[in-house]
Amino acid sequence: MKIAYLDIIFDETEIFEELVIELRKHVSDDTVIDYHYVTGTDNLEYMAFETLVLPALLFKINEMRSLGYDAVIIGCFFDPVLDAAKELYDDIIIVGVGESAILTALKLGKTFSIIAARSKHFPKMLEGVERIGVRSRLASLRSLDIKVSQLQQDHALLSRRMGEEISRAVEEDMAEVIVLGCTMETGQYRHLQETHGVPVIDPTVAALMQARMEFDCRKHCDWGYSRACAYEQPPADEVEKFLRIRI
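What counts as what
- Every chain's residues receive numbers from 1 upward, in the order its sequence appears when written.
- Whole-chain, interface and lining totals are the exception, using all residues; otherwise, since this is a predicted model, local features are given only for residues with pLDDT of at least 70 and side-chain atom pairs are given and counted only at 80 or more.
- Here the side-chain values reflect all heavy atoms present in the structure, with hydrogen atoms and water set aside.
- Numbered from the N terminus, helices here are DSSP runs of H or I no shorter than four residues, and strands are runs of E no shorter than two.
- Only protein chains enter the accessibility calculation, which uses a 1.4 Å probe; a residue is then buried when its area is under 20% of its type maximum, exposed when over 50%, and partly exposed in between.
- Note on geometry: axes are C-alpha line fits, over the in-contact stretch for helices, and angles between N-to-C directions span 0 to 180 degrees.
- If an angle is under 35 degrees, it is roughly parallel; if it is over 145, roughly antiparallel; if it lies from 65 to 115, roughly perpendicular; otherwise it is oblique.
- Any two residues whose heavy atoms approach within 4.5 Å at even a single point are treated as in contact.
- Note on residue categories: nonpolar means Ala, Val, Leu, Ile, Met, Phe, Trp, Tyr, Cys or Pro, charged means Asp, Glu, Lys or Arg, and polar means any other residue, Gly included.
- The criterion for strand pairing is that DSSP finds at least two bridges linking the strands in question.
- Ring pairs shown here join Phe, Tyr and Trp side chains whose ring centres sit within 6.5 Å, with only the six-membered ring taken for Trp; geometry is labelled stacked below 30 degrees between planes, edge-to-face above 60, and tilted in between.
- When the NZ atom of lysine or the CZ atom of arginine is within 6 Å of a ring's centre and also within 35 degrees of its normal, the charge is said to sit over that ring.
- Definition used in this section: a nonpolar core is a set of buried Ala, Val, Leu, Ile, Met, Phe, Trp, Tyr and Cys residues joined via side-chain atoms within 4.5 Å.

## Structural notes on the environment of L157
Here L157 lies in helix α7 (residues 155-171). Its relative accessible area of 29% is what places L157 among the partly exposed residues. Here the alpha-carbon distance between L157 and P203, two residues 46 residues apart in the chain, equals 20 Å.

## Notes on the packing of helix α5 (residues 97-108) against helix α9 (residues 203-221)
Between α5 and α9, whose axes approach to 8 Å, the crossing angle comes to 85°. When the axis of α5 is compared with that of α9, the two are roughly perpendicular. Counted together, V97, S100, A101 and T104 of α5 and P203, T204, A206, A207 and Q210 of α9 form the full contact between these two elements. Of the residues that constitute the contact of α5 with α9, the class distribution is five nonpolar, four polar and no charged.

## Quick notes on the sheet that holds strand β3 (residues 71-75)
Strand-to-strand pairing in sheets goes through backbone hydrogen bonds, with the strands running parallel or antiparallel. Strand order across the open sheet formed by four strands is β2-β1-β3-β4, with parallel pairing between neighbours. On the outer flanks of this sheet lie β2 (32-37) and β4 (93-96), each paired with one strand and no other. Sheet twist, expressed as the mean angle between neighbouring strand axes with direction ignored, is 25°. Pairing of strand β1 (residues 2-7) with β2, which is carried by six bridges, proceeds in the parallel orientation. Within β2, the position partnered with L6 by the bridge is H36. Here helix α3 (residues 54-66) sits on the sheet in contact with β1, β2, β3 and β4, set at roughly 160° to β1. Against the sheet, α5 engages β3 and β4, with an angle of about 75° to β4.

## As for the packing of aromatic side chains
Pairs of aromatic rings are described using the distance from one ring centre to the other and the angle between the two planes. Within this structure, the stated rule accounts for four aromatic pairs. Ring-pair connections join several aromatic residues into one group, and the members of that group are Y5, Y35 and Y37. If you follow K2 out to its NZ or CZ, it ends over the ring of Y69, 4.5 Å from the centre. Lying across the ring of Y225, R218 places its NZ or CZ 4.9 Å from the centre.

## As for the nonpolar core
Counting 63 residues, the largest nonpolar core has I61, Y89, I94 and I178 as its most contacted members. Discounting residues that sit within four places of it in the chain, I178 has contacts with S113, I115, I166, A169, V170, V198, P199, V200 and I201. Ranked by size, the runner-up nonpolar core spans 17 residues in total, among them I114, M125, V179 and I201.

Structural data, given as structure tokens:
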């Protein structure tokens, strides 16, 4: 299987490549995971900035199709263009890290809490939870009060704040599963779940597992995105006319 990890933010540091290095620890040698990114902004802290990368994401996923990838992981918890890409493309699996993390949490407990970088992200995260239809299972949203761009700058601070908010989510909010609400929190889940005694879901790892599951579903069961209603595919001639993409 060949997977593209498609990042939204890239600042030319090794931090971003380390995400893929972490993912490769979870697959066998016959699974290829490559790192790709789009440009336009160095953060998605604000909804206005998200608009700068949406077309680029759709076009980049189309490029991944031409390069023979089986799946694309969209590397942002907000899952930008996830539905649009599912609507558009038949021949590549599209996976969002936010959706994957929440779906994984639902299988492991009755309630879950999301640990966000900042409270600014709560409304978008609630939109994602409600989109999946599991608002009643959400125990809480907790904030680290650290900007996304600063999460990897002070590992001691990150570890301390994660520990504090996970403890509160489990003890005060009765969360049975913890979801890390940012890809920049990756690589932390094992020691956190050992410390707190509950499953801690790394969204990038959850997306990887989701991609592999969907790949097997297509290969063995011929299960793909339904075209009956929400993901009805636009006419090919209109896609080529407006997007300059062939489907």
